[in-house]
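Examining the three-dimensional arrangement
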Amino acid sequence: MTKLNSTKLWVFAALALSFASCTNDDNDDTSLCTYVNTFIGTGGHGHTYPGATMPFGMVQLSPDTRLEGWDGCSGYHYSDSVVYGFSHTHLSGTGVGDYGDVLLMPTVGEVQWNNGATKGVDQGYASRFTHHEEHASPGHYSVRLSDYDVQVDLTVTPRTGMHKYVFPKSDAANIIIDLKHRDKVLDSEIKLVGENTIEGFRRSEGWARDQHVYFVMEFSKPFAASRIAVNDTVVNGNEARGTHLKAAVTFATEEHEEVLVKVGISAVSIDGARKNLVAENSNWDFEAVRHQAHLTWDEALNKIVVEGGTEDQKTVFYTALYHTMIAPNLFMDVDGQYRGTDLQVHQADNTNIYTIFSLWDTFRATHPLYTIIERERTKDFINTFLAQYEDGGQLPVWELAGNYTGCMIGYHSVPVIADAYVKGITDFDAEKALEAMKHSANQDHLGLSSYKQYGYIPAGDEAESVSKTLEYAYDDWCIAVMANELGKEEDYQEFIKRGQYYKNIFDPASGFMRSKMNGGWSSNFDPAEVNFNFTEANSWQYSMFVPQDVQGMITAYGGRDAFEQKLDGLFSASSETTGRHQADITGLIGQYAHGNEPSHHMAYLYNYIGKPWKTQERVRQILDELYTNAPDGLSGNEDCGQMSAWYVLSAMGIYSVTPGLDYYAIGTPIFDKVTINLENGKQFVIESSQVSHGNHFVQSASLNGNDYANSYLKHSDIMNGGTLSFVMGESPNESWGAAEENIPVAAIVDHTLIPVPFVTTDAQTFTDSMAVSLGTACSDCTIRYQRNLGDTLEYTGPFTITETTNIRAWTENADANRSGKVDASFMKIKGGRSIVLGTEYANQYAAGGNNGLIDYLRGPNNFRTGYWQGYQDADLDATIDLGQVTSFQRIATGFLQDIKSWIWYPTEVEYAISNDGKNFTVVATIANDFSEEEYGSFTKEVEHKGSMKARYVRVRANNYGVCPDWHLGAGGKTWLFVDEIMID
C-alpha cells in the first residue's frame, strides 16, 4: 500500500465517521481529549502553542500573539491580549523561534495593511481578545476577536488547515493574508485564482536558513473584492512577487454568516499543496473535519489509559502525552514528495518523512517513549534520518524544515537508532545506519578533531568542551552498541574505547567534570558557575552525565557511598548559580535543574547504588512540584516533547536512563492503574495498590504474579504484555531493589580505558622558573613523560623548568596498557611586567587570571574558548608596570566583537603613560571605526604608534553600554572582551 492510498483511506474514514452517529463527540466524558489542556506551557517559559494540529501533523494552525523574543518562540504567550492572526506552522517548546508561516486574519471595516505591532492595535489589523472567550482542545481552537466581533474556529487535517470565521453583518468583511509575517522573507508570491482561490509560496530565512512553504487556499464564497499589496501599497493585477506581500479579500456578510477557508500547505510545490488539499479536505464540512481530528486524537491518547489519581494529575498526564505527539512533524506530500536536507525535491520510498528533530532534548525520554507506543513511527523517523544522511550528507542534530540549524551539540540521532535497534525495531537499513553513525563521529568539526586526538576537547580548542566531550562519549558508546549488534568487532573496539573518554575530564580532587587547558585543569573552578565550558548548564548539572557507564562513573567518584553523597549534594546544594545568566536553567532543586535536559536522568541514579527509595522520593517531588495544570505548568521549555515525555514515563513509574540499553529504571507510579495498549495488540498494565501523595514508596512488586525485586524493567517484558504490580506505602522499604542482583547495570567492562594524566601549574608562562606537577585519576598507574620529546622519564614528583618547554605525558598500568597522551607547553617570557586592574572581569571569562592580558597568549576569534577576559557592564581600566622606565614604539590591545552574543568593540580606547604611576599623560584616544551592526565574530588590535618612554602604561576602553533597540537583547548589558595588551 502506498502512502497516497493510506492518506485516501484516512480521508474516506473521516467522511464516513462524519456521517455516522457521533457517540464519542468532543463533549463525551469518556474521551481522553477532555483531559488535554493545550494551554499548559503557553505561559512562563514553556513556549508551547494552544492551536489545532494532528498527531505528528504537518500543519499547526494556531494564533500568533507575540512576534519576537525568547518567550515568543511558539508565536503565542498566555500573558498576551492581542492576536495578530492565525498561521499554519508553529514550533512546540523550542528555545529559538521560527515558523508562523502563511498568516490569515479576519477583520471588519477598512483594510489595514499594517499588523499594528508598531503603530498600535487600533491602527493595524490585529485585535484584542480575552481568555474567557478563547477555547482549545486537541484538533480545535476558537477565540472571539473583540475588536471585530468575529468568532474564529480552527481545525486541521494532517496537511491542511481549516478556518471558520463568523462575521457580523457587514459590507466589508475582510480576510488578510500576510506573507511578510514573522521571519525574513527571501522570496514570495501571491496569485488570486478565479473567484475564490489564492495560491503562492513563501521562502524565508530564520532559524531555518532557507525554508520553503507553498500553499493553496480556497474560500467558501466568491470574493466581493480582492487586492494585493506590495510594501503595504495596493498594486494592480492578480499576482505579485517580492519580499513584502500581502493580500486582502472582502465579502458582504449577513449577521452570524460563516466564511470558511481551507489551506493546504507543502514544502515541495503549489501542486503538492493542491494535492494535499484535494486528498484530505475536499468538502466544506468544518464540523466533520473537526470531529475527525477529535477522534484521531482520542485514538492516539488511548495508547496509554490511566485510572485513579486526581483530575489535575490526569490533565497534566494527558496534556504531556499530547505534547509528545505534536512533533516531529510530517514533511511529505500525499504523493510521497518531500524536500530533502539538500533542499531539493525527492520521492519517498515506502516511508513517511518527518521534520523537527530536537535530538539533544528528545533522545533522552521522548524517543524511548516512542519505542513503546510509536514503534511504526519510530521506524519512519529512522528512515527519515537515513534519507537526510543520503540527501544532505549527515545525520540530523537539530533539523528544521529540511535545514541543518547548527544548533545544540552531540550527534544524538545515533542513540535514537541504537535504542530502537536493541528494542527490536530493525526494519531499516542497519548497515547504512552504522555507516551514517560513524560518519557523524568521524568528522573534524565542533571539537571532534581535538576529541579524537586527545580523548577529550581542550577548552581552548572548542566552546562547551566539557559537555561536548561527555555527549560525544555517550554517542560513541551507542555506535559501539550498534556495531556489536551487527558483529562489527573492529568498529566495536574503537567506539567502546571512545565511549570512555569521559574519564579524561573527571577531576578526582574536586569530584567534578572539568574543562582542561594546556593539559591541566582550567583555573578559577566553581561547579555552580554557568560558563561556556558547558551547554546551558554548569558542572553540577553535567558531572553525572555518563549514562553509558554508570558503574564506571560511580567507581570514579569513590564508590557507592561517595556517589550517594554526591547525589544528595546535587539536590541539597544552594540553588544559586554563578557566572553567565542562562534562561534555560530553571526548575531547580538544589543544583538539579529539571527545566533543562542534562539533569533529567539524575534522580534515577540512586537505583544504581541500591537506594531506589531515594529515587522514588525525588521523582515524586519533581512530579508534584514541577508540573501543574496551569499555563505556566512546565518548569522549562517543552522542547518538542522531552519535558512531557519525562512526565509520561515517570508518572507510569519508569524512565530510560540509558537509551541504547533494553531496560527502564523503576521510579514511583502516581496512578492506580496504567494500561499501555501496544501496537502488537497486547497490553502491559502497571498497577499500584494504595498509591497516593503520601504513599509513594515501593513496598513490594510482582511481575505477572511472580515476586519482582529488580529496580528496573526490561523492555521485552513490556512488549510481551503482562502486569507489573506495586504495593505502595508511606515509608521507604530500603531493602526492596537494594540487593546486588536487583540493581540496574550500565557498565563498560571490556577494552577499558586508562584516563590521561593532567598537568598542574600556575600559568602557561613564566619569567624565571616554574614548578610542574603531574597527576592521574588512576590509583595504581605510573605516569611517564618527556620534555621537548626527549628521553622518557618516570614521574616521581614535581620538577622545575627554566626554559620554554613542551611536555608530553601518559599513564601506564601494571599490564603496560597506556592512556592517551597529553601535551602541555610553557613559555618563558620577559620578566619585570605586572598589571593592576581597576575593574573586575567576569570569573567565567578570566583568560587565566589577573595576568591574562600580559601573558603573551592571544585569544582566537571564538570568545568561548577561555583565552579572553570579559567585562559585562564595565569598562576596562588596566595599568601595566614595566618595572622600569622603558622606551617603546607601540601600544596595542586586542578586542573581540560578536554582537549576537552581546559583545561589542569598545566605543573608545585611551592610552596614557606615566613615570610615577600617579600623573598620566594621554598619548592617544582612538574611537571605534567598525560597524556596531555587523553580525559575525571579529577581532582587531587598537594600536597607537610613536616614540614613547615611561614605566607605566594605562589602558582604558569604554564598554558599548546596552544592547540597542534593534537588537534581540535590547536594553541588556553588553560585554567587552579583551586580550592582549601589547607594549613593543
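None of the values given here were measured: they were computed from a predicted structure.

If you tally the helices and strands in the protein chain, you get 17 helices and 58 strands. Judged by the C-alpha coordinates and their principal axes, the protein chain covers about 90 × 75 × 50 Å. The burial tally for the protein chain puts 63% of its 984 residues in the buried class. Taking the contacts inside the protein chain whose residues are at least 6 apart along the sequence as the reference set, 70% of them involve residues at least 24 apart. Carbon and sulfur atoms provide 45% of the accessible area of the protein chain, an area that totals close to 34700 Å².

Bringing the sheet that holds strand E36 (residues 654-655) into the picture now. Taken in spatial order, the 3 strands make up an open sheet running E36-E37-E42, and their pairing is antiparallel. Of all strands in the sheet, those bounded by a partner on one side alone are E36 and strand E42 (712-714). As judged from the 3 bridges shared by strand E37 (residues 663-666) and E42, these two strands associate in the antiparallel manner. Note that in E42 the partner of tyrosine 663 across the bridge is lysine 714.

It is worth spelling out the state of the cysteines at this point. Inspection of every chain in the model, using the stated rule, returns 1 disulfide. The disulfide bridge from cysteine 778 ends at cysteine 781, spanning 1.9 Å between sulfur atoms. The disulfide joining cysteine 778 to cysteine 781 has a torsion of about 50 degrees about its S-S bond and is therefore right-handed. Here cysteine 778 falls in the buried class, since its relative accessible area comes to 14%. When its relative accessible area of 15% is taken as the criterion, cysteine 781 is described as buried.

Let us look at the nonpolar core. One finds Phe86 and Phe317 to be the most contacted residues of the largest nonpolar core, which totals 237 residues. Ranked by the residues each element gives to this core, the list is headed by helix H11 (residues 465-485), at 12 residues. Within the second largest apolar cluster, 29 residues are counted, among which are Leu882, Val942, Val955 and Ile981.

Another aspect to go through is unusual backbone geometry. Geometrically, the link from alanine 327 to proline 328 is a cis peptide bond, its omega value of 0 degrees lying close to zero. Relative to the helices and strands, proline 328 is located in the loop between helix H4 (311-323) and strand E21 (329-330). In this structure, glutamate 980 follows aspartate 979 across a cis peptide bond, with omega equal to 10 degrees. Tracing the chain through its elements places glutamate 980 in strand E58 (residues 975-983).

Looking down a regular strand, the side chains alternate between one sheet face and the other. For strand E5 (residues 103-108), the tally of buried residues reaches 5 of 6 residues, placing the bulk of the element in the interior. Two strands pair when backbone bridges link them, and E5 and strand E11 (residues 170-178) are joined in this way by 6 bridges, in the antiparallel orientation. Within E11, the residue paired with leucine 104 across the bridge is isoleucine 177.

The end-to-end C-alpha separation of helix H9 (residues 430-441) is 17 Å, in line with the 16 Å expected for 12 residues at 1.5 Å each. Those residues of H9 not exposed but buried are Ala430, Ala433, Leu434, Ala436, Met437, Ser440 and Ala441. Down the axis of H9, the buried side of the element spans an arc of 165 degrees, and every buried residue falls inside it. Considering only its buried residues, H9 is in contact with helix H7 (375-392), helix H8 (413-422), helix H10 (448-454), H11 and helix H12 (489-498).

Bringing the confidence of the model for the protein chain into the picture now. In the predicted model, the protein chain carries a mean pLDDT of 94, and 97% of its residues have values of at least 70. Note that pLDDT drops below 50 for residues 1-25; the model gives that stretch 40 contacts with residues more than four away or on any other chain.

Bringing the pattern of salt bridges into the picture now. Considering all chains together, one arrives at 59 salt bridges under this definition. Note that aspartate 187 and arginine 241 form a salt bridge whose closest N and O atoms lie 2.6 Å from each other. Highlighted residues: aspartate 187 in strand E12 (residues 184-193) and arginine 241 in strand E17 (residues 239-242), separated in sequence by 54 residues. Residue arginine 241 is classed as exposed on the basis of its relative accessible area of 54%. Put simply, arginine 818 and glutamate 812 hold a salt bridge, and the shortest N to O gap is 3.0 Å. Here the residues in one salt-bridge network are Arg858, Arg890, Glu941, Glu943, Lys945 and Asp984, joined through shared partners.

Right, let's talk about the sheet that holds E12 for a bit. With respect to topology, 9 strands assemble into an open sheet ordered E7-E8-E9-E10-E19-E14-E13-E12-E17, the strand pairing being antiparallel. Each of the sheet's edge strands pairs with one partner strand only, and the pair in question is strand E7 (134-137) and E17. If you compare each strand with its neighbour and ignore which way they point, the axes differ by 15 degrees on average. As judged from the 6 bridges shared by strand E8 (residues 140-145) and strand E9 (residues 150-156), these two strands associate in the antiparallel manner. Each bridged residue has a counterpart across the sheet, and for tyrosine 141 the counterpart in E9 is leucine 154. Of the strands in this sheet, E8, E9, strand E10 (160-167) and strand E19 (257-266) are in contact with helix H3 (residues 286-301), which crosses E9 at around 50 degrees.

Attention now moves to the packing of H8 against H9. Direction vectors running N to C along H8 and H9 enclose 150 degrees, while the axes themselves pass 10 Å from each other. As summarised for this structure, H8 and H9 are arranged roughly antiparallel, according to the angle between their axes. For the crossing formed where H8 meets H9, the hand is left-handed. Side by side, H8 and H9 meet where Val414, Ile417, Ala418 and Tyr421 of the first sit next to Ala430, Ala433 and Met437 of the second. Class assignment for the residues of the contact of H8 with H9 results in 7 nonpolar, no polar and no charged.

What follows concerns H11. The end-to-end C-alpha distance of H11, which contains 21 residues, comes to 30 Å, matching closely the 30 Å that a straight helix rising 1.5 Å per residue would cover. The element H11 is extensively covered by neighbouring structure, given that 19 of its 21 residues are classed as buried. Looking one or two residues beyond H11, the residue adopting positive phi is glycine 487, at roughly 75 degrees.

Turning our attention to the packing of aromatic side chains. Taken as a whole and judged by the stated rule, the model has 51 aromatic pairs. Ring plane angle 40 degrees and centroid distance 6.2 Å describe the contact between phenylalanine 219 and phenylalanine 251, whose orientation is recorded as tilted. With phenylalanine 219 in strand E14 (residues 211-219) and phenylalanine 251 in strand E18 (residues 245-253), the pair connects residues that are 32 residues apart, well separated along the chain. Look at phenylalanine 251 and you get buried, because its relative accessible area is 0%. Between tyrosine 841 and tyrosine 871 the ring centres are 6.4 Å apart and the planes differ by 85 degrees, which places this aromatic pair in the edge-to-face class. Remark: tyrosine 871 occurs in strand E53 (residues 869-872) and tyrosine 841 occurs in the loop between strand E52 (834-837) and E53; sequence separation between them is 30 residues. No difference in accessibility class separates tyrosine 841 from tyrosine 871, as the two residues are buried. Members of the aromatic cluster, joined through ring pairs, are Phe56, Tyr354, Phe357, Tyr370, Phe381 and Phe385. For lysine 566, the ring lying beneath its charged end belongs to phenylalanine 512, and the centroid distance is 3.2 Å.

Interhelical geometry of H9 versus H12 gives an angle of 40 degrees and a closest axis separation of 13 Å. Considering the angle they form, H9 stands oblique to H12. For the element pair H9 and H12, the recorded crossing hand is left-handed. Along the contact surface, H9 presents Leu434, Lys438 and Ala441, while H12 presents Asp491, Phe495 and Arg498.

Here threonine 250 lies in strand E18. Exposure remark for threonine 250: the relative accessible area of 7% places this residue in the buried category. A polar contact of 2.4 Å, which involves the side chain of threonine 250, links it to the side chain of arginine 227.

Checked against the element boundaries, alanine 842 lands in the loop between E52 and E53. Along the primary structure alanine 842 and alanine 874 are separated by 32 residues, whereas in three dimensions their C-alpha atoms are 9.9 Å apart. For alanine 842, the contacting residues outside a window of four places in its chain are Gly870 and Trp975.

Here we take up the environment of alanine 300. Topologically, alanine 300 is positioned in helix H3. Between the alpha carbons of alanine 300 and isoleucine 373 there is a distance of 9.4 Å; along the sequence they are 73 residues apart. Those residues within four positions of alanine 300 in sequence are excluded, and the remaining contacts are Pro55 and Met325.

Criteria and cut-off values
- Residues numbered from 1 in each chain as written.
- Predicted model: local features only at pLDDT ≥ 70, side-chain atom pairs only at ≥ 80, totals over all residues.
- Heavy atoms only, no water.
- Helix = DSSP H or I, 4+ residues; strand = E, 2+ residues; numbered from the N terminus.
- Buried < 20%, exposed > 50% of the residue type's maximum accessible area, 1.4 Å probe, protein only.
- Contact = heavy atoms within 4.5 Å.
- Areas by Shrake-Rupley, 256 points an atom, 1.4 Å probe, with all protein chains shown as cover.
- Pairing = 2+ DSSP bridges.
- Disulfide = S-S within 2.5 Å.
- Core = buried A, V, L, I, M, F, W, Y, C linked by side-chain atoms within 4.5 Å.
- Expected span 1.5 Å × (residues − 1).
- Arc of directions from axis to C-beta.
- pLDDT = per-residue confidence, 0-100.
- Salt bridge = Lys/Arg side-chain N within 4 Å of Asp/Glu carboxyl O.
- Axes fitted to C-alpha atoms, helices over the stretch in contact; angles between N-to-C directions.
- Parallel < 35°, antiparallel > 145°, perpendicular 65-115°, else oblique.
- Left-handed = near helix turned anticlockwise from the far one by under 90°.
- Nonpolar A, V, L, I, M, F, W, Y, C, P; charged D, E, K, R; others polar.
- Phe/Tyr/Trp six-rings, centres within 6.5 Å; stacked < 30°, edge-to-face > 60°.
- Lys NZ or Arg CZ within 6 Å of the ring centre and 35° of its normal.
- Polar contact = N/O pair within 3.5 Å; in protein donor to acceptor, adjacent residues only side chain to side chain.

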